[in-house]
Each structure stands twice: as structure tokens, then as C-alpha cells.
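# Chain and residue survey
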Amino acid sequence: MCGTEQAVVIKSSNTSSVAEEKENGSVKNHSFEEIINLDHGDPTMYESYWKNVGSKCTVTIPAYQSLSYFANAKNLCWFLEPTLEEEIKMLHNVVGNAIVQDHYIVVGTGSSQLIQAALYALCDSLNEPNPISVVSAAPYYSSYPEVMDFLRSRLFKWGGDARSFDEDGPYIEMVTSPNNPDGVIRVPVVKGAKGVLVHDFAYYWPQYTAITSPADHDIMLFTVSKCTGHAGSRIGWALVRDENVAKKMVKFIELNTIGVSKEAQLRAAKILEVISTSCQRFKPHDLKNFFEYTHNLMAERWKKLRDSVKSNKLFYVPKFPLQYCHFTRDFTETYPAFAWLKCKEGIDCEKLLRGHKILTRSGRRFGSDQEYVRISMLARDAEFDLFLQRLSTIHGVSNGNSEL
């Protein structure tokens, strides 16, 4: 795996615990009083798999390669590398989570850019005189309102919780399934005749949830970061049914970044190829099934979290029903990338955990209540285990301070 490699080792004693972090050959000692940041969804959990893969994902790019802006001038998405396009199609066909036929593939710098591109394309096509409301059912992905409020676009505006939206006229509903932050499978909420939908399927992969059927919608967004763990490569893709909408999305990316890094695309293509190969019956003996391996990791972490809060009346985590997964051909529970943790009524959960140097994202940022927080389940083992250790020591609140 490219980039800096880190090895974290936990030591414990009766008086203190120390993490030794090896980075670029040097060793740093940190007290376990340091802050644990589980606010973001940095998918470092996946390092263990990719370290075992070793050189199978190595990509060598000669200096003369990828000089041109164009990857395929005849393609609607002219900056999409043909190898990445083929590997995207292959992976969806292997997993069975999305229909790729009759859809155009648009690559973006992560799904964040694709969300903006989709909003631009839809609003430009609707050609309304006033900004179009964009809504999502609470708890919704916290970046939706933040991005729209930051851009201050004349094309669209944040319209809030889809469940309370009752305006006439066109609107765009973001349908995130499984949902970020609570992992629930989502369907559209607003029933207006003039609505258009954008389906965000960042987490519709077998390590997180059952693949119950291949998704087949007008605009479907996916991202390498949550599928493979390679967030730093900043690669996402959209499956778009309407040619005109796809063209407008490509135009947005052209004006925004003049395409997408070819180096990142080539690396992503190789990674997707290895994942597809790992799922085949006949594969290299030392290549583990990626989705089976990561599914087991997620299941183990969720079991540890549930065990940690089982006897603690202060916290609650949701349970999910068993569903039949057509990929694994077995019944499975949902194991979301984030835990939607709830404190007892009246407690500011984010503030409580911050007092124990655990950074989380408050439910208020998701259009919900202060009793909720979103906690990343994708941190490295040492960080996640330390989080559970601290969580198990919190048993109550007295005079605004947690009791140990």
C-alpha cells in the first residue's frame, strides 16, 4: 500500500497505558489520555487487508503516460480511464448491488464532487427561476446542508428534513441507503410529483449490509473510500441513466477540476480488479475474499460495541434485522460504518464523550437531537479498542460530569 505505514501497539499496566506509534522509523509515546477522534469516517480499518495483499495492487506509471487531459475523447465522460470503467462494471456485476447497463459512468474526485455535479446538472435541467430545495430525511448526512450552505448557490438551497417538506414545485431528495449516520435502509420520503432523486449508495456493499437486490435508479453515487478503504485516492463514480444529466455532470467536473487525476483512477482500477478477483472461486491461494474478510471485521467490532454497552444503562445502539444477502447467499445483519449511539434522555452525548477525550459528531448536525452521536467504526484496531475501554468506564452523569 502506498503512503506512510503505521503500526500501533497497545501496552497496559496497573498505572498507565501507552501506545507506541511507529512512523517513518521513529517511535512516539502517547498516554492513553490522548484524544480519540471518531468524528470522521477515515477508513483506516482496511489497512490490515491491504497489507496482506502486498504487491498485488502495485501500479507502475511511466513518466510518458497520462500526459493528455483526455482518457477517451469519444466517451461521454472523456476523462474516465477505460480500465477504471471496465473494473467498475465488473465489480458491480460481481457484487450485484447495482445495474450498470443503460447507465453512463461519470467519475469524480470522490462522491463529494459528484453530489455537487448531480445537483448542478438536475437544477440546470429544471431551469427554475429560484433555487431548488434539496432535502433528505433526518437523520441526514451532515455534509448535505454544510456543502449547500457553504456554496450559496443560486441554483439550489438546503430544504431541511424531507419528512417535514411540504412546498410546491420541484425539489431534489437525497436518498442515502444504508443511511449515514444510522445505517438504516432508506427509500424516498417526499411524494411530490415534481421531485427528482439522487441515491447515495456509498455504503451499499456486502461488508456493511445485505445486498438484497441490484439498485436501478436514475442517479446512483458510489465511492472508493467506503468500498475499499482508499479514501486518500479521492475516487468516486456515478451511474446516470439520462444522457443529458450525465453530460451536465461531466461539464461541471470539467469546469471544476478539468477532469479527475489519471494516477488515482489507475490505482483505483487495480484495487477494484483485485477485489473482484478475490471474490472468484478460483483465485490466488493467498488472496482472501475482500468482502468476506471486511464483513467479519465489521461483525466483530459491532459485537464488541454491543457487549460494551449491554450492561450499561447510559448508552443504546440500534439493532438491525437479518436479511438475505444475494452476494453471500446467506442471512446477515447490517453492520454500519458508523454507530448511531444514543445516551439517556437529556444528556448531551457529544459533550459527555468529549469529556473522556472521545471526539464524535453530535446528532444535531444530522438534524437530530443532542442525545445522539455518530461514531466511526472504521478506525484502526488499537484506536477502536481504546474507545471501547473508555466507553465501558462511563456509567452515569452527576452535576453535568460523567461518573466513572
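Model, not experiment: these values are computed from the prediction.

## Things to note about the packing of helix 3 (residues 110–126) against helix 6 (residues 243–257)
Between helix 3 and helix 6, the shortest axis-to-axis distance is 8 Å and the interhelical angle comes to 125°. One way to sum up the angle between helix 3 and helix 6 is to call them oblique. Like other packed secondary-structure pairs, helix 3 and helix 6 cross with a definite hand, here right-handed. For the pair helix 3 and helix 6, the contacting residues are Gln113, Leu114, Gln116, Ala117, Ala118, Tyr120, Ala121, Leu122, Asp124 and Ser125 in the first and Asn244, Val245, Lys248, Met249, Phe252, Ile253, Asn256 and Thr257 in the second. Here the contact of helix 3 with helix 6 is built from residues that sort into 10 nonpolar, six polar and two charged.

## Some details on the sheet that holds strand 11 (residues 236–240)
Reading across the sheet, the seven strands line up as 5-11-10-9-8-6-7 and stay open at both edges, with mixed pairing between neighbours. Pairing within the sheet leaves two strands with one partner each, and these edge strands are strand 5 (104–108) and strand 7 (156–161). When strand polarity is set aside, the average angle formed by the axes of neighbouring strands in this sheet is 25°. Bridge count for strand 9 (residues 195–200) against strand 10 (residues 219–223) is two bridges, and the pairing is parallel. Along strand 10, the bridge assignment pairs Asp200 with Leu221. Contacts from helix 2 (residues 82–95) reach strand 5, strand 10 and strand 11 within the one sheet, and its direction differs from that of strand 5 by about 115°.

## Observations regarding the pairing of strand 9
Of the strand pairs in this sheet, strand 8 (residues 171–176) and strand 9 are connected by six bridges, and their pairing is parallel. Within strand 9, the residue paired with Thr176 across the bridge is Asp200.

## As for the pairing of strand 15 (residues 338–343)
Burial of strand 15 is extensive: five of the six residues sit out of reach of the surface. Both strand 12 (residues 315–316) and strand 15 contribute to a ladder of two bridges, which runs antiparallel. Residue Phe315 lies in a different strand from strand 15, and its bridge partner there is Cys343. The pairing of strand 15 with strand 18 (residues 372–376) spans five bridges and is classified as antiparallel. In the strand pairing of strand 18, Phe338 is matched with Ser376.

## A few points about the packing of aromatic side chains
Scanning all chains against the criterion turns up 26 aromatic pairs. Aromatic pair Trp78 and Phe79: ring centres 5.0 Å apart, planes at 85°, arrangement edge-to-face. There is no split in this pair, since Trp78 and Phe79 are both buried. Residues Trp205 and Trp237 carry aromatic rings whose centres are separated by 6.4 Å and whose planes lie at 70° to one another, so their mutual orientation is edge-to-face.

## As for the state of the cysteines
Under the counting rule described, the total for this entry stands at one disulfide. The cysteine Cys227 is free of any disulfide, with Cys279 supplying the nearest cysteine sulfur at 9.4 Å. Cys227 gets classed as buried once you look at its relative accessible area, which sits at 0%.

## Let's talk about the packing of helix 8 (residues 290–310) against helix 10 (residues 381–391)
One way to put it is that helix 8 packs onto helix 10 with a least axis distance of 9 Å and a crossing angle of 15°. Taken together, the axes of helix 8 and helix 10 are roughly parallel relative to one another. In the crossing of helix 8 with helix 10, the sense of the turn from one axis to the other is right-handed. Where helix 8 approaches helix 10, its residues Arg301, Lys304, Leu305, Ser308 and Val309 are matched on the opposing element by Asp381, Phe384, Asp385, Phe387, Leu388 and Leu391.

## A closer look at helix 6
Its 15 residues place the ends of helix 6 21 Å apart at the C-alpha level, agreeing with the 21 Å of an ideal helix rising 1.5 Å per residue. Within the sequence span of helix 6, burial applies to Val245, Ala246, Lys248, Met249, Val250, Phe252 and Ile253. If you follow the buried residues of helix 6, they end up packed against strand 5, helix 3, strand 10 and strand 11. Between the side-chain oxygen of the N-cap and the backbone nitrogen of Asn244 there are 3.0 Å, and the N-cap of helix 6 in question is Asp242. Following helix 6 by one or two positions, Ile258 has its phi on the positive side, about 50°.

## A closer look at the side chain of Ser362
Position of Ser362 among the secondary structure elements: in strand 17 (residues 361–362). With a relative accessible area of 7%, Ser362 lands in the buried category. Those residues in contact with Ser362, other than ones at most four positions away along the chain, are Glu350, Tyr372 and Val373.

## So, the pattern of salt bridges
The tally for this structure, following the rule as stated, stands at 20 salt bridges. For Arg380, the salt bridge is made with Glu47, and the minimal N-O distance between the two is 3.0 Å. With Arg380 in the loop between strand 18 and helix 10 and Glu47 in helix 1 (residues 47–53), the pair connects residues that are 333 residues apart, well separated along the chain. Shared partners join several salt bridges into a network, and the residues in it are Asp39, Glu146, Arg361 and Arg365.

Each value, and the rule that gives it
Residues numbered from 1 in each chain as written. Predicted model: local features only at pLDDT ≥ 70, side-chain atom pairs only at ≥ 80, totals over all residues. Heavy atoms only, no water. Axes fitted to C-alpha atoms, helices over the stretch in contact; angles between N-to-C directions. Helix = DSSP H or I, 4+ residues; strand = E, 2+ residues; numbered from the N terminus. Parallel < 35°, antiparallel > 145°, perpendicular 65-115°, else oblique. Left-handed = near helix turned anticlockwise from the far one by under 90°. Contact = heavy atoms within 4.5 Å. Nonpolar A, V, L, I, M, F, W, Y, C, P; charged D, E, K, R; others polar. Pairing = 2+ DSSP bridges. Buried < 20%, exposed > 50% of the residue type's maximum accessible area, 1.4 Å probe, protein only. Phe/Tyr/Trp six-rings, centres within 6.5 Å; stacked < 30°, edge-to-face > 60°. Disulfide = S-S within 2.5 Å. Expected span 1.5 Å × (residues − 1). Polar contact = N/O pair within 3.5 Å; in protein donor to acceptor, adjacent residues only side chain to side chain. Salt bridge = Lys/Arg side-chain N within 4 Å of Asp/Glu carboxyl O.

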